Amino acid sequence: MKNIQMVDLKGQYEKIKDTVNNSILEVLDTTAFINGPEVHAFQKELETYLDVKHVIPCANGTDALQIAMMGLGLKPGDEVITADFTFAATVEVIALLQLTPVLVDVEPDTFNIDPEAIKKAITPNTKAIVPVHLFGQAANMDAIMEIAREHDLYVIEDNAQAIGSNYHFKDGTTQKTGAIGHAASTSFFPSKNLGCYGDGGAIFTNDDDLAHTIKGIVNHGMYERYHHDVVGVNSRLDSLQAAVLRAKLPQLDGYNKARQEAAQKYSRALKGVEGITVPYTEGADDTHVYHQYTIKVANGKRDGLAKHLAEKGIPHGIYYPIPLHSQKAYKDERYNEADFPVTNRLVEEVISLPMHTELDDEQISYITNTITDFLTK
């Protein structure tokens, strides 16, 4: 059996090696390293894939979220509601812009932001909602967009973990995550479902005026060289990373399908094991692209299982071990522990198993048998 890795980027690279290498060499030959043809071509191709009017590449996913908020004109003191159970980057940019983060609880099955908790958190100062499509599964965008319309709020999707996921609306229509809200951000960190070989990110929007503003922000506020019309930042996707992403984008649906198939095998093997809850998917399978395959382990056995997996050579991740409302940087007397029952339970129960495009049946069997043996002995 091959060594099990949490993410097998080497194995993935080997299958597209010639395409990637040739694309990189072309950039080196042209020396168009910043805003070169590869960046513009990737932008157009991703717009087509997502069926979104504007993709604005930038340096990383955290910048993407910050720039989206800057583009929307959010001001210090404006409240932005987001999920308590997610990576810190989501709330980090809110605080950096001197906005007021408002953390709310998540749903126990999808781990995504709870629309009912959003409703309770809205005040006259609320200006935006940031739903995170956590671990690759679409949040409840029907409910979130309805709340936003009712209260005249912006919706900024954090799509860093879910690129390629579909959302099926109650009216029967389907859209890719990231193409639904007023704006969206994504990350092309190497381990993402669509990852480059360094840092990278992008902002998505269907709003022409917002896209124009954001295109200036990412480039020092310039639309014409040395004419600074808005306060901007230096956040650009370089041509080498765009070349890698262009090579990988045509593979994305296949990558996501491989993850979905691996997830189905995991779930079939673990579904009957006492104390384990496998990932929940609502409706069609294509709503979840499994950036992570995350199970819940009941009865206080999660940490013991984590230790056992490590002893057996099986990597794992605990995403996330501490709620954002308990993090030193984001503690606030406004928060009441009673408002976060789901998050407080999840941080004690979740564990993520190896998930990538190169997982094979032998590895999955070894992982699931190891888990079963530990929990049933």
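Each value, and the rule that gives it
Residues numbered from 1 in each chain as written. Predicted model: local features only at pLDDT ≥ 70, side-chain atom pairs only at ≥ 80, totals over all residues. Heavy atoms only, no water. Pairing = 2+ DSSP bridges. Helix = DSSP H or I, 4+ residues; strand = E, 2+ residues; numbered from the N terminus. Contact = heavy atoms within 4.5 Å. Axes fitted to C-alpha atoms, helices over the stretch in contact; angles between N-to-C directions. Buried < 20%, exposed > 50% of the residue type's maximum accessible area, 1.4 Å probe, protein only. Core = buried A, V, L, I, M, F, W, Y, C linked by side-chain atoms within 4.5 Å.

Novice: With reference to specific residues and values, describe the sheet that holds strand 13 (residues 293-297).
Specialist: Backbone-to-backbone hydrogen bonds join strands into a sheet, with any given pair of strands oriented parallel or antiparallel. One open sheet accounts for 3 strands, arranged 12-13-14; its pairing is antiparallel. On the outer flanks of this sheet lie strand 12 (276-277) and strand 14 (350-353), each paired with one strand and no other. Note: strand 12 against strand 13, 2 bridges, orientation antiparallel. Its bridge partner lying in strand 13, Ile276 is registered against Val297. Here helix 11 (residues 302-311) sits on the sheet in contact with strand 13 and strand 14, set at roughly 25 degrees to strand 14.

Novice: Quick rundown of the environment of Met145? Include the residues and the values.
Specialist: Mapped onto the secondary structure, Met145 falls in helix 7 (residues 141-151). The buried category is assigned to Met145, whose relative accessible area is 11%. The spatial distance from the C-alpha of Met145 to the C-alpha of Val155 is 7.3 Å, given a sequence separation of 10 residues. Leave out the neighbours within four places in its chain, and Met145 touches Val155, Ile180 and Gly181.

Novice: Kindly report on the sheet that holds strand 8 (residues 183-187), identifying the contributing residues and their values.
Specialist: What the 7 strands build is an open sheet, ordered 1-9-8-5-4-2-3; its pairing is mixed. In this open sheet, the two strands that pair with only one neighbour each are strand 1 (54-58) and strand 3 (100-104). Here the average twist between neighbouring strands, direction ignored, is 25 degrees. One ladder, built from 5 bridges, connects strand 2 (residues 79-83) with strand 3; its direction is parallel. Note that in strand 3 the partner of Ala83 across the bridge is Val104.

Novice: If you had to explain the nonpolar core to someone new, which residues and values would you point to?
Specialist: Counting residues in hydrophobic clusters, the biggest one holds 33 residues, and the most contacted among them are Ile81, Phe85, Val104, Ile118, Met141 and Ile144. The set of elements that each furnish at least two residues to this core consists of strand 2, strand 3, helix 6 (115-121), helix 7 and helix 12 (341-349). Among the elements that line this core, the one with the most residues is helix 7, at 5 residues. Val104 has contacts with Ile81, Thr82, Ala83, Asp84, Ile113, Ala117, Ile118, Ala121 and Phe340, leaving out every residue within four places of it along the chain.

The values are spatial; any link to function lies outside them.
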